[in-house]
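What follows is each chain in one-letter form.
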Amino acid sequence: MNQAHSITLAALLLPGLALSGACSSEPPNNPKESIVAPDGDETPDDNGDQTPADNGDQTPADTSPDSQMFTCDASESPMFKSRDVLDMRISADFTKLNSAPTKEESGSQAVIELSDESGAAPITANIIARGVSRFHCGFRPFSLKFEEKQKDNLFAHLGKSVKFVTHCGDREGLSPTLKADSIEAYEQRLLMEDTVYQVLDQLQVPSLKTRLVRLTYHDAPTGKEETHFAFVREPEDEMAERCGMVELEELSGVDTSQLKVDQVGLLLLNLLHDFVIQYDGIEGKNLVTMVDLDRNAIRYAPYDFDLVGVSRPDYVANMGRTLEQNRDAFADWLRRNQSPALFDQIDTMLARADQMQRAVDQSSMNEENHELFSRWLSLYLGLLRDFRACEGHTDDASRPLCHVEDDHGNLPDSASVVDPGEWSARIEPPGDVDMFAVDLQADTLYSFGGRVPLELFDAQQDLVASASDRIVSFKPSQTGTYYLRASLGEQLISSPLLPGPEEIDRYISLYTDDHGASLETATTLEAGEAVEGKWELAKGEDEDWFLLSAGASTNLHIVLRDTDTGRVEVSRRDAPAEELPLEEYLLEGDNDVSSLFEQPGEYVVRVIQLLGLRANGSYTVTLQ
């Protein structure tokens, strides 16, 4: 089984689940690099004075290489010059659009009439259903696809395809999540979703614009008509362009391997998601991915707010939490993730508080939902105002909203003294450093790693080795005290909104090992030899590396004992970096992995521990 081991989008969004950077058992190019005090870490530029002007839409995007703020130009499309509800009539085969078994079979020609443009000629386009879960609605969301970009009407500057979000409506087999009790309830859900977009639009950050439409559906085959609310949603590439970026999907054929996720942008994304209570925006869902070409950086914009916790606490991911409960979770997230960049973004939000409230007041929601959204804004903006006063008071234990207890010292003099083994650290808020002092013996094989980037320094405070996403092995040249430094580096998110225990208490290990996890410390296997191995860790994933020479009839067996599962990776020793290893999962008992050696040559075999019902285990590797 040939599988890639790459950082997923989920891992990028939730840095607590991944470790950034490359790992190596080799000392760095500069072996005299010393321990850096935590107040020496670089922090984002303080752009707090650049609060957007009150008129919002006129502030240009700053795309200079040093830009940290996220202001966007106004849309050039006349569609978004007004917030007035747009009256529109579309004539098309809506029977087919809403009943075809596939999107490809749902299309027909559409004629669009705009009642507020007296004398304007009807606009023609193709109409086709879209959506994933909402494809099963009674009124499917759809796209209007034009033969050419429009110039002299409301669809100008929106490209050749414009998406509409509809009120859903009943349909047999509709999922309980989408089903509502009445057409009015469906329309209120749509109006609440549009209101979230309108609230975020006031912040001048990357966010899709919308325009509410009172849409008359004229079904051409039957002549039937009915009118419901819908909204037009700005094309993702148009939004990216007015924010000084390019949508990632538009970069086909462009090398994107050197792109890095912009940490301030990632902080903003998490802040916005948490502000609107968007628990459905993880694992790469509901995100527009954009590229700032000037800075070789990836940034994101949130979208698809039909299931946010403000309006849909009944949605499974929202777990029925009240606004107050969500606010308390948000307060905990703010406390754990406070940084100068976070306070800058909060300043921007507080400066636009009146505009956000006005967006709620101008919404077409009913009175009950107006009150709901106003209460949400009041609770959340009140929290942000209180939290804003926390800057500089993380160490003040009398301020529970601000204070984060430090579990380990930041410098060698205050390091926690530990024995080789396993322990945990809380790296929060960003910029926190946890230091451990451990006595090691010369010429003894050790391995270390965990769920946070680590650096190991000797007694002279020179860097010996570092580990990020895999276990690293080494042998000290001298007996003495060594210092293990755990830090998130430039990451500005320490953990997600509702973290699991492993995202707060980050597992770390430094332990004596029987087989190393590098070419220099790997064990060489000889034909006819059986080698014993043991997985030393209770919470982590030990890696044991072996070197072997494979022939046309190589036979390799791994017998697993006292554990449920493991993994073996096999790669050619001289393979280029982009060549992926071959991989198989191991089960307790005999595992014949001979098929992983596709051709004669020198190979690296990694026998990797996986956490199962019985974490510790042993094995025998036999080469024949």
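Residues numbered from 1 in each chain as written. Predicted model: local features only at pLDDT ≥ 70, side-chain atom pairs only at ≥ 80, totals over all residues. Heavy atoms only, no water.

Peer 1: Help me out: how do you make sense of the sheet that holds strand β20 (residues 506-512) in this one?
Peer 2: Whether parallel or antiparallel, the strands of a sheet pair through hydrogen bonds between backbone atoms. Strand order across the open sheet formed by four strands is β13-β20-β15-β18, with antiparallel pairing between neighbours. Each edge of the open sheet is held by one strand with a lone partner, namely β13 (421-425) and β18 (472-474). Taken over all neighbouring pairs, the strand axes of this sheet differ in orientation by 20° on average, direction set aside. Where strand β15 (residues 446-450) meets β18, three bridges bridge the pair, whose relative direction is antiparallel. (Pairing = 2+ DSSP bridges. Helix = DSSP H or I, 4+ residues; strand = E, 2+ residues; numbered from the N terminus. Axes fitted to C-alpha atoms, helices over the stretch in contact; angles between N-to-C directions.)

Peer 1: Please explain the pairing of strand β3 (residues 123-129) as it appears in this structure.
Peer 2: When a strand is regular, its side chains alternate between the sheet's two faces. Burial of the side chains of β3 is restricted to one face: I123, A125, I127 and A129 are buried, whereas none of T124, N126 and I128 on the reverse face is. When strand β2 (residues 108-114) meets β3, the two strands line up antiparallel, connected through five bridges. Residue A110 lies in a different strand from β3, and its bridge partner there is A125. Pairing between β3 and strand β4 (residues 142-145): four bridges, direction antiparallel. (Buried < 20%, exposed > 50% of the residue type's maximum accessible area, 1.4 Å probe, protein only.)

Peer 1: Got a minute to help me understand the state of the cysteines in this structure?
Peer 2: Any covalent bond linking the sulfur atoms of two cysteines counts as a disulfide. Under the definition given, this model contains three disulfides. Note on cysteine connectivity: C137 is disulfide-linked to C168, with sulfurs 2.1 Å apart. In this structure the cystine formed by C137 and C168 twists about its S-S bond by roughly -90°; its chirality is therefore left-handed. Separated by 31 residues along the polypeptide, C137 in the loop between β3 and β4 and C168 in the loop between β5 (161-165) and α3 (183-201) bring together distant segments of the chain. Note on cysteine connectivity: C390 is disulfide-linked to C402, with sulfurs 2.0 Å apart. For the disulfide bridge between C390 and C402, the dihedral angle about the S-S bond is near -70°, and by the sign convention the bridge is left-handed. You can see C390 sitting in the loop between α9 (367-388) and β12 (416-417) and its partner C402 sitting in the loop between α9 and β12, a full 12 residues away along the chain. C390 gets classed as buried once you look at its relative accessible area, which sits at 1%. When its relative accessible area of 3% is taken as the criterion, C402 is described as buried. Described in terms of the sequence order of its bonded cysteines, the disulfide pattern of the chain is 1-4, 2-3, 5-6. (Disulfide = S-S within 2.5 Å.)

Peer 1: How do you make sense of the sheet that holds β12 when you look at a structure like this?
Peer 2: An order of β12-β14-β19-β16-β17 is seen for the five strands of this open sheet, with the pairing classed as mixed. In this open sheet, the two strands that pair with only one neighbour each are β12 and β17 (463-467).

Peer 1: Can you help me understand the pattern of salt bridges in this one?
Peer 2: Opposite charge on two side chains permits them to pair, given that their charged atoms come into close proximity. For the structure shown, the criterion picks out 31 salt bridges. With its nearest N and O atoms 2.8 Å apart, the salt bridge here joins D87 to R214. Note that D87 is positioned in strand β1 (residues 86-92) and R214 in strand β6 (residues 210-219), a separation of 127 residues in sequence. Using a relative accessible area of 29% as the deciding quantity, one classes D87 as partly exposed. (Salt bridge = Lys/Arg side-chain N within 4 Å of Asp/Glu carboxyl O.)

Peer 1: Looking at this structure, I do not really get the environment of M365. What am I missing?
Peer 2: Relative to the helices and strands, M365 resides in the loop between α8 (353-361) and α9. A sequence separation of 175 residues divides M365 from L190, and the C-alpha atoms of the two residues are 9.1 Å apart. In contact with M365, not counting residues within four places along its chain, are Q188, L191, M192, T195, V360, H370 and F373. (Contact = heavy atoms within 4.5 Å.)

Peer 1: Before we go on, may I ask you to explain the packing of helix α5 (residues 263-275) against helix α7 (residues 340-351) in this structure?
Peer 2: When two helices pack together, their arrangement is given by the angle between the helix axes and the distance between those axes. Put simply, α5 and α7 touch, their axes get as near as 10 Å, and they point 50° apart. On the basis of their axis angle, the class for α5 and α7 is oblique. Note that α5 runs across α7; the crossing there is right-handed. Contacts from V264, L267, L268, L271 and F275 of α5 reach α7 at A341, L342, Q345, I346 and M349. Looking at the contact of α5 with α7 residue by residue, the classes come out as nine nonpolar, one polar and no charged. (Parallel < 35°, antiparallel > 145°, perpendicular 65-115°, else oblique. Left-handed = near helix turned anticlockwise from the far one by under 90°. Nonpolar A, V, L, I, M, F, W, Y, C, P; charged D, E, K, R; others polar.)

Peer 1: Would you mind showing me how to read the packing of aromatic side chains here?
Peer 2: Here the distance between the centres and the angle between the planes together describe a pair of aromatic rings. Under the definition given, this model contains 20 aromatic pairs. Judged by centre distance (5.3 Å) and plane angle (50°), the rings of F275 and W376 are tilted. Taken as a pair, F275 in helix α5 and W376 in helix α9 lie far apart in primary sequence, 101 residues in all. The residues F275 and W376 share a single accessibility class, namely buried. Through a chain of ring-to-ring contacts, three or more aromatic side chains come together here, namely F275, F330, W333, F373, W376 and Y380. (Phe/Tyr/Trp six-rings, centres within 6.5 Å; stacked < 30°, edge-to-face > 60°.)

Keep in mind these values describe shape, not function.
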